[in-house]
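One letter stands for each residue in the lines below.
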Amino acid sequence: MAAQRVAIIGAGASGLCALKCCLDEGLAPTCFERSGDIGGLWRFEEKPEEGRASIYRSVIINTSKEMMCFSDFPIPDDFPNYMHHSKIMEYFRMYAQRFDLLRHIRFRTSVRRVAKCSAFPTTGCWEVETESEGKHESAIFDAVLVCTGHHSDAHLPLHAFPGTLPCVPAPGMLSSFPRLFTALSPLAEP
Ligand SMILES: Cc1cc2nc3c(=O)[nH]c(=O)nc-3n(C[C@H](O)[C@H](O)[C@H](O)COP(=O)(O)OP(=O)(O)OC[C@H]3O[C@@H](n4cnc5c(N)ncnc54)[C@H](O)[C@@H]3O)c2cc1C
């Protein structure tokens, strides 16, 4: 029997370990990542792409390396206990290399739509529509893992609060947080 096909959306920390676990289980995963690299919001760039959340220049993770590491891939002994974001990226790259994950990732490919196939009641399959450099494609998968993160789009439950706000964040404001924090942070890049 052919291996079950799994679409994984996003190649951040969650997408990478989802990919590795699918391979462990003998599944046939394809990971779609809309940016050109792994790491999700841990990949710092002075000008992050619109729509991708990002940490800011001075971020050091607030989780110890023993608590945060993938259980099957310990963080090297010579890495600091609380790591600068550059070390986190280094660790993610080591993880991707160790388990040969990159060849399963389609970079610069956005998932535009996920819908149940017409035969879903009998097959349980999903139709996944992607877009890469203007080219639209559609493929059928047995399962979909959504690893898109949750820091890109602001959720503002304004209707739940009485009164008015002095200002309402404009769309896209969240992705300019890195620049704001960089400007405010007293910590320099190590
Ligand atoms: C400023 C900041 C500081 C943080 N600090 C800590 C910390 O100290 N400790 C901690 O444990 N956690 C921290 N976090 C939490 C952080 O969310 C997690 O550590 C982790 O990065 C989440 O990984 P993820 O893979 O779920 O999402 P992300 O890292 O956001 O990755 C999502 C990926 O999905 C891709 N994607 C999104 N939509 C699509 C689409 N439609 N098609 C294709 N690809 C898509 C994106 O390009 C991205 O690469 C912090 C978050 C922020 C914002």
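Read on for a plain summary of the structure. Since the structure is predicted, the reported quantities are computational estimates derived from the model, not experimental observations.

Reading the values: the criteria
Residues numbered from 1 in each chain as written. Predicted model: local features only at pLDDT ≥ 70, side-chain atom pairs only at ≥ 80, totals over all residues. Heavy atoms only, no water. Helix = DSSP H or I, 4+ residues; strand = E, 2+ residues; numbered from the N terminus. Buried < 20%, exposed > 50% of the residue type's maximum accessible area, 1.4 Å probe, protein only. Areas by Shrake-Rupley, 256 points an atom, 1.4 Å probe, with all protein chains shown as cover. Contact = heavy atoms within 4.5 Å. Near = heavy atom within 4 Å. Polar contact = N/O pair within 3.5 Å; in protein donor to acceptor, adjacent residues only side chain to side chain. 1 Å grid on protein atoms, 1.4 Å probe; cavity = no way out; pocket = protein on both sides within 12 Å on 5 of 7 lines; lining within 4 Å. Sits in = over half its atoms within 2 Å of the grid points. Nonpolar A, V, L, I, M, F, W, Y, C, P; charged D, E, K, R; others polar. Phe/Tyr/Trp six-rings, centres within 6.5 Å; stacked < 30°, edge-to-face > 60°. Lys NZ or Arg CZ within 6 Å of the ring centre and 35° of its normal. Expected span 1.5 Å × (residues − 1). Arc of directions from axis to C-beta.

It is worth spelling out the overall build of the protein at this point. Broken down by element type, the protein carries five helices and seven strands. Secondary structure elements of the protein occur, N-terminal to C-terminal, as β-α-β-α-α-β-β-α-β-β-β-α. Looking at the 190 residues of the protein, the share that counts as buried comes to 35%. Accessible surface, the protein as shown: approximately 11,800 Å² in total, 57% of it carbon and sulfur.

Turning to its location among the elements, Met89 is positioned in helix H3 (residues 85-98). Taking the C-alpha atoms as reference points, Met89 and Gly39, 50 residues apart in sequence, are found 6.3 Å from one another. Residues in contact with Met89, not counting those within four places in the same chain, are Ile38, Gly39, Trp42 and Arg43.

Bringing the site of the ligand into the picture now. For the ligand, the set of nearby residues contains 23 residues, the closest of which are Ser14, Glu33, Leu41, Trp42 and Asn62. Within the backbone of Leu41, one N or O atom sits 2.9 Å away from an oxygen atom of the ligand. In this structure, an oxygen atom belonging to the ligand sits 3.4 Å away from a side-chain N or O atom of His151. Computed on the free molecule, the ligand has an accessible area of 1,000 Å², of which 80% lies beneath the protein chains in the complex. The site holding the ligand turns out to be the largest pocket. Residue classes in the shell around the ligand are distributed as 10 nonpolar, 11 polar and two charged.

What follows deals with the environment of Cys125. Tracing the sequence through the fold places Cys125 in the loop between helix H4 (120-123) and strand S5 (126-132). With a relative accessible area of 9%, Cys125 lands in the buried category. With 119 residues separating them along the chain, Cys125 and Val6 place their C-alpha atoms 9.9 Å apart.

On to the packing of aromatic side chains. With the rule as written, the count across this model stands at 10 aromatic pairs. Ring centres 5.8 Å apart and planes at 65 degrees place the aromatic pair Phe73 and Tyr95 in the edge-to-face group. Of this pair, Phe73 sits in the loop between helix H2 (65-68) and H3 while Tyr95 is found in helix H3, placing the two residues 22 residues apart along the sequence. Grouping residues by exposure puts Phe73 and Tyr95 together as buried. Judged by centre distance (5.8 Å) and plane angle (70 degrees), the rings of Phe73 and Phe99 are edge-to-face. With Phe73 in the loop between H2 and H3 and Phe99 in the loop between H3 and strand S3 (105-106), the pair connects residues that are 26 residues apart, well separated along the chain. By relative accessible area, which is 13% here, Phe73 ends up buried. Put simply, the rings of Phe70, Phe73, Tyr91, Phe92, Tyr95 and Phe99 touch in pairs and so form one group of aromatic residues. The ring centre of Phe99 lies 4.6 Å from the NZ or CZ of Lys20, which sits over that ring. Across from the ring centre of Phe79, 4.1 Å away, lies the NZ or CZ of Lys87, which sits over that ring.

Here H3 is 14 residues long and its end C-alpha atoms lie 20 Å apart, about the 20 Å a rise of 1.5 Å per residue gives. Along H3, the positions that sit buried rather than exposed are His85, Ile88, Met89, Tyr91, Phe92, Tyr95 and Ala96. The buried residues of H3 occupy an angular sector of 160 degrees when the element is viewed end-on, so they sit on one face. Exposed side chains of H3 directed beyond 90 degrees from the buried face belong to Gln97 and Arg98. Packed against the buried residues of H3 are helix H1 (13-24) and H2. Immediately downstream of H3, the backbone of Asp100 shows phi near 55 degrees, a positive value.

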